[in-house]
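Residue-level structure breakdown
The residues making up each chain are set out below.
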Amino acid sequence: MSYFTVHREDVYKDYKASPLSAAAIFQLVLFAITIGAPIALVAVNPDIWPMYTTVYEQPFVRYQQMVIVHLDLAGGSSLAWSTIPQYNRLMGRTLRSSRLKTKEIDINGDKIPDAFSITLDVPLTAQEQVFGFTFLVFFDFILQKRTFFEMSTVVSLQHSAASAGADYFADGTLRFVQKDSLRPGFSDYINKDPLVNISSADISDYNVASIVRRVATRNASTVLDVSMPIWTTTPVPTQPFHIEANIHFPVQSIWMQTTVLHRLTTAGAAFTFWLLPFWLFCWYLRRMVFSSGALFLVQDSSKYSMKSYFTANSGKE
Amino acid sequence: MQFLYGWELDDIDGCTVGWRSLDHYAFNCFTERRYSSNSNRKCNAFHCSISDGINSRAGFTSRKYHHKDACNYADSSSKPGCKISRASFSADCGAELHNDLAHREICFSEGLLLQNSSILPSFRRPSSGDVCLIYDNNPQRLFYQEPAAVDSTAQYDAPWKARNLKSPIFQSSPGSLDEDITRILQHSPSSPAFKVGDPIFTIRNTDRSLRKLQFPSSGSFSTRCVAPEAINFLTPADSLCSHAVDRLATDCVENPFFQINSFINFDVIRSAAVFSAINTSADFASITDSALRTFTVPVHLTGILDTARNVYAVRAENAPTLIPSFSAATNTCLNAVKGVAYTFVYDGSSITAVNLSVVFASIRGSNGSFEQSFQASFVSATIPGDELVRSGNPGYLDGSAVLVATVLDPTVNQSMPADYLALPGLSPDGGCGNADQLERISFGENMQMSCTVLVDVRDPSMACLTLQTQLMAAMSINGSGNFPTNVGVYGNSTRFSADGWIPILRQITTADMSFVPPNICRNIVTGVSIEVASSKVGFLSNPQAKITGVLYRFTDPVDVVLECPFGGCKTGTLLPVEVQFAVSFNDFTKSAVDLRSLQPSTSRFLPTDFFSPY
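For every chain, the first residue of the written sequence is number 1, and numbering continues from 1 along that sequence. Each chain is given a letter, starting from A, and each ligand a number, starting from 1, according to the order in which they appear as written. Selection of residues for local features in this predicted model requires a pLDDT of at least 70, selection of side-chain atom pairs for listing and counting requires 80 or more, and totals for whole chains, interfaces and linings are taken over all residues.

Tallying secondary structure elements over chain B gives 8 helices and 33 strands in all. Expressed as a percentage of the 614 residues in chain B, the buried residues total 27%. Under the scheme used here, helices are H or I runs from DSSP no shorter than 4 residues and strands are E runs no shorter than 2 residues, and both carry numbers assigned from the N terminus. Remark: C-beta atoms are placed from the backbone, and a residue is labelled buried if 20 or more other C-beta atoms sit within 10 Å of its own, exposed if 12 or fewer do, or partly exposed between those counts.

Below is the structure:
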């Protein structure tokens, strides 16, 4: 009749020694190595305590229904228009009523605009020719996945040329620029302040330089990267000056501070990584030393061992 | 292991063996006679130099590889890398070198190679393994192969094909007439028919040549009329471009785009069915007049406007006699074509009529440029009298016009005249344009604009009385002060029934308008925001946009100061009052309900015969 293993379990042995014995010190040293060495390795490696991380998120960019345009005409005169009535009232004779068309483009249907198309037509009389312009478009820039961050921002399109223009076309990408890291879960209410006080009757509040300065002093802003603007020349008299821009909102890399949980998780993973080899090393060393009898101690089988079982039952039979 | 194949040079002094490798870099080696200190045996130590081909020709050796045996024993302790035992030196030098040379091959172990510093990248010392020199004396390595004559186009094409490129020649422009005909025939060879986007073919009356109908268009960098733009079937087109008039005397009589004959002197192919019988452009030249009339439609002049006098002054039948002529006295070109508008009447896939409306004007040489406009529109023959192009079938297409209607008397079930939702156009000075300059609102496209209404402020109290009426007239579509009452739910809503039209809501804060001396007009509504609610309906795979409501939200009343601003009014005492418009589209789509039926539960039982299988 053949036999096979139907069940297997460990047999425990107890090795006993006094607290001041070499065996106890040996055990203490091994325990210190098992725990202390991984901790030391984790502590000296700065990557294990990441203070910053980079997350990727497509921002929610919302048009603020607000633009300001300024055209430079031949002879040094200019035209201006805005969607801000107060600004238009301040412009006086410079005001030229215009038409603006906008469209948010959500390509993948995730309710987050992937691009924004804006078209401006400024009517011109037969004598007016445009040699340059400044076009400001105001947006809300919102991050909401890892942090709630909302700021007002402005996109500036500017061009000047030696020959009169009929159209201007630009295709650009909005890029997020940070001077400081964002805090997770933190709401930045300061940046939410509007860049323009639309109820102001002071023309200095609408000054382009002051708007840009307000943006520049913030810890975060946006930059429109336009690689190939197209300036179409030979305008047709009385035809409007046409500005068209497509602005894309791709996924941005965002510099963020890590959360405490993030740091603990990373350090914990590293500690576990280093703990395993030291634990195995100490386990084998401990087993070798105690089983070889190199240290003086008292061996006692546990109550679950076969020896203790037979010892306990020997008198009953 | 790295192999270097070499070329053996002449023996010198019966002992020195030189050889050279030109395996894309030079490798020169020669033997040097040395003596072992414990035995007077001759030992050949190899000195090798490696350089790339260029520096080798210049006689410059930039890398040196020394057999380690070149180290003297006296240096073995002082020079780094010269740690070699006396015994191994004897063994290495005494026997192995000669033996290996006899086999025309010698290998240097990695540890026996020393390398001095060099920036030449041509030779990479192996990270491990030996470097072996193999004497094969293969002269082909030293010379370029004799090239064969490249005498076939296939051979010339081979390098381009290898890089998946075409040879750098100007590529022929695609889309010849015969290619278009072939493509149309491929759609349905048995019964060819025009499809959306197919070109419209014409046959010129003078030489019967088959052409595609085109009109001038501007290029990318200028507004000048430089490039042709094709008119395609069922594809409305607009083009606006300009001509320079610096050579007006010549251009006036020579520029074909100034002459009406260029736009009328041809017939239009009625149906693509003709291509099943005549399928090359050359075959049309030999067709008889009677046959030609069976498959072509003439261009019919329907309207001619002389913009100089702004009246329909010329009878249509006399239009071809209007030939541009140049007046040197006034530096003006008379009777030049300024605008062309084709209207194609179609029935299914065939064209049943072509109507042409032309605008003439005089070109003044002092203007600098002359602007021309071209337009092509398509009208269905099956819905006579309704020239309103629909905006989708059934749902609105992005960019299409929003259909609105005005019910004059809601109690009567009358037909509703449909129109497009529009804002007033802008005159060149920013004023609210007239009904001819409407700005059509496109579905899904938000808009913000303003225009100015000029108000005479000499008597502010009188101006205030009519101000609100003037502004409301500017806000309405046609300047009448009436706003549309209904909007088409779908893009194919017709004017012949009230089905599919929903009322437009209005929100206006009424306040008593009053005049506050000296110049304030109180409680004036100066703008309107048109908010369109839309939803996607139908299958998720084929959503149709439906308008579910339109709200006219007028701005809150404000005070208007009736005085000229800083810098004065533009025109005397006419104060420009700004009227603001905003159009926005909001999506109210309700997502499909994520509702699933409960999954049926399965009861697992043991087979009934599990305990009694027999």
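Before going further, it helps to spend a moment on the pairing of strand β33 (residues 574-587) of chain B. Residue and element names in this part refer to chain B. Where strand β24 (residues 446-456) lies against β33, 10 bridges are found, and the strand directions are antiparallel. Considered in β33, the bridge of Met449 is made with Phe581. Criterion used throughout: strands pair if DSSP finds at least two bridges between them. Here 8 bridges tie strand β30 (residues 527-537) to β33, and the two strands are oriented parallel to one another. If you follow Ile530 over to β33, its bridge partner there is Val583.

Let us now look at the sheet that holds strand β21 (residues 418-420) of chain B. All names here are of chain B. The antiparallel open sheet is built from 4 strands, whose spatial order is β21-β20-β25-β26. In this open sheet, the two edge strands, each paired with only one partner strand, are β21 and β26 (501-503). Put simply, the sheet's adjacent strands are angled 40° from each other on average, direction ignored. Across 3 bridges, strand β25 (residues 486-488) lies against β26 in antiparallel orientation. Counted as the bridge partner of Val487 is Ile502 from β26. Here, axes are lines fitted to C-alpha atoms. For helices the fit covers the stretch in contact, and angles between N-to-C directions go from 0 to 180 degrees.

We now examine the pairing of strand β11 (residues 241-248) of chain A. Residues and elements named next belong to chain A. Of the two faces of β11, only one is covered, namely that formed by Phe241, Ile243, Ala245 and Ile247; the face formed by His242, Glu244, Asn246 and His248 stays uncovered. When strand β6 (residues 115-122) meets β11, the two strands line up antiparallel, connected through 8 bridges. Bridge assignment links Ala115 to a residue of β11, and that residue is His248. By the bridge criterion, 7 bridges tie strand β8 (residues 149-178) to β11 in an arrangement that is parallel. The residue of β11 that forms the bridge with Gly172 is Ile247.

On to the confidence of the model for chain B. Residues and elements named next belong to chain B. Along the chain, pLDDT gives the predictor's confidence residue by residue, from 0 to 100. The predicted model of chain B has a mean per-residue pLDDT of 73, with 67% of residues at 70 or higher. Highest mean pLDDT in chain B belongs to β30 (93); lowest belongs to strand β5 (residues 63-67) (33). Placing C-beta atoms from the backbone, we regard two residues as in contact once those atoms come within 7 Å. Predicted confidence is poor over residues 22-27, with pLDDT under 50, and the contacts of this stretch with residues over four places away or in other chains come to 24 contacts. For this predicted complex, the interface score ipTM comes out at 0.74, while the overall pTM is 0.69.

Moving on to the nonpolar core. If you look at the biggest cluster of nonpolar residues, it comprises 102 residues, and the most contacted ones within it are A:Val69, A:Phe135, A:Val137 and B:Val402. A per-element tally of this core places β8(A) first, with 10 residues. With residues up to four places along the chain from it excluded, the contact list for A:Val137 reads A:Val67, A:Ile118, A:Val154 and A:Val155. Grouped together as the second largest cluster of nonpolar side chains are 43 residues, B:Val268, B:Val299, B:Leu301 and B:Phe370 included. One nonpolar core equals one set of buried Ala, Val, Leu, Ile, Met, Phe, Trp, Tyr and Cys residues connected by C-beta atoms within 7 Å.

In this section: helix α3 (residues 153-162) of chain B. With 0 of 10 residues buried, α3(B) is to be regarded as a mostly surface element. At the exit of α3(B) stands B:Asn164, carrying a positive phi of roughly 55°.

Here the focus is the interface of chain B and chain A. With 32 residues of chain B at the contact, the number on the chain A side is 26 residues. Elements that contribute at least two residues to the side of chain B that touches chain A include exactly β13 (237-244), β19 (369-380), β24 and β33 of chain B. In terms of residue count, β24(B) provides more of the side of chain B that touches chain A than any other element does, 7 residues in total. Partitioned by chemical class, the residues of the side of chain B that touches chain A number 9 nonpolar, 16 polar and 7 charged. In the sheet, strand β5 (residues 99-105) of chain A pairs with β24(B) via 4 bridges, with the strands oriented antiparallel. Of the residues in β24(B), the one forming a bridge with A:Thr102 is B:Asn446. Residues are grouped as follows: Ala, Val, Leu, Ile, Met, Phe, Trp, Tyr, Cys and Pro are nonpolar; Asp, Glu, Lys and Arg are charged; every other residue, Gly included, is polar.

To continue, consider the UniProt feature "transmembrane region" (unreviewed entry) in chain A. Residue and element names in this part refer to chain A. UniProt positions are given in the numbering used here, feature names are shortened, and annotations may be inferred rather than shown by experiment. Per the UniProt entry, the sites bearing "transmembrane region" (unreviewed entry) are residues 20-43 and 264-286 in this numbering. Measuring from the first to the last C-alpha atom of residues 20-43 gives 31 Å, for a span that is 92% helix and 0% strand. Strand forms 0% of residues 264-286 and helix 100%; the C-alpha atoms that close the span are 30 Å apart.

Turning to the sheet that holds strand β32 (residues 558-561) of chain B, a few remarks are in order. All names here are of chain B. Reading across from one edge, β28-β29-β32 is the order of the 3 strands in this open sheet, with antiparallel pairing throughout. Strands with a single pairing partner mark the edges of an open sheet, and in this sheet they are β28 (514-516) and β32. Taking the axes of each pair of neighbouring strands and ignoring which way they run, one obtains an average angle of 30° across the sheet. As paired strands, strand β29 (residues 520-524) and β32 are joined by 3 bridges and run antiparallel to one another. Looking at the pairing, Ile524 lines up with Val558 of β32.

Moving on: the packing of helix α1 (residues 22-44) of chain A against helix α4 (residues 260-292) of chain A. Residue and element names in this part refer to chain A. In contact at an axis separation of 8 Å, α1 and α4 are set at 155° when each is read in the N-to-C sense. Of the possible angle classes, the one that applies to α1 and α4 is roughly antiparallel. When you trace α1 past α4, the crossing you get is right-handed. In contact with Phe26, Leu30, Ile33, Thr34, Ala37, Pro38, Ile39, Leu41 and Val42 of α1, α4 contributes Ala267, Ala270, Phe271, Trp274, Leu275, Phe278, Trp279, Cys282, Leu285, Arg286 and Val289. Looking at the contact of α1 with α4 residue by residue, the classes come out as 18 nonpolar, 1 polar and 1 charged. An angle below 35 degrees is treated as roughly parallel, one above 145 as roughly antiparallel, one from 65 to 115 as roughly perpendicular, and anything else as oblique. Note on convention: near helix rotated counterclockwise from far helix by under a right angle means a left-handed crossing. Clockwise means right-handed.

Moving on to unusual backbone geometry. All names here are of chain B. Cis peptide bonds are those with omega within 30 degrees of zero, and the linkage from Pro517 to Pro518 qualifies with 10°. With respect to the helices, strands and loops of the structure, Pro518 is situated in the loop between β28 and β29. Notably, Leu234 is not glycine yet its phi reads approximately 60°, a positive angle. Looking at where Leu234 falls in the secondary structure, it is placed in the loop between β12 (225-230) and β13. According to the C-beta neighbour criterion, Leu234 is partly exposed, with 16 such atoms within 10 Å.

Let us now look at the environment of A:Lys111. Its location among the elements puts A:Lys111 in the loop between β5 and β6. Once the C-alpha coordinates of A:Lys111 and A:Phe60 are considered, the two residues, 51 residues apart in sequence, prove to be 8.9 Å apart.

All names here are of chain B. On the secondary structure map, Asn586 appears in strand β33. Given 14 C-beta atoms within a 10 Å radius, Asn586 is considered partly exposed. Placed 53 residues apart in sequence, Asn586 and Ala533 show a C-alpha to C-alpha distance of 5.1 Å. Ignoring any residue separated from it by four or fewer positions in sequence, one finds Asn586 in contact with Glu531 and Ala533.

Residue and element names in this part refer to chain B. In this structure, Gly339 sits in strand β17 (residues 332-347). Counting along the chain gives 32 residues from Gly339 to Glu371, while the straight-line C-alpha distance between them is 8.6 Å. In this view, Gly339 contacts Val358, Val359, Gln372 and Ser373; residues no more than four positions away in its chain are not counted.

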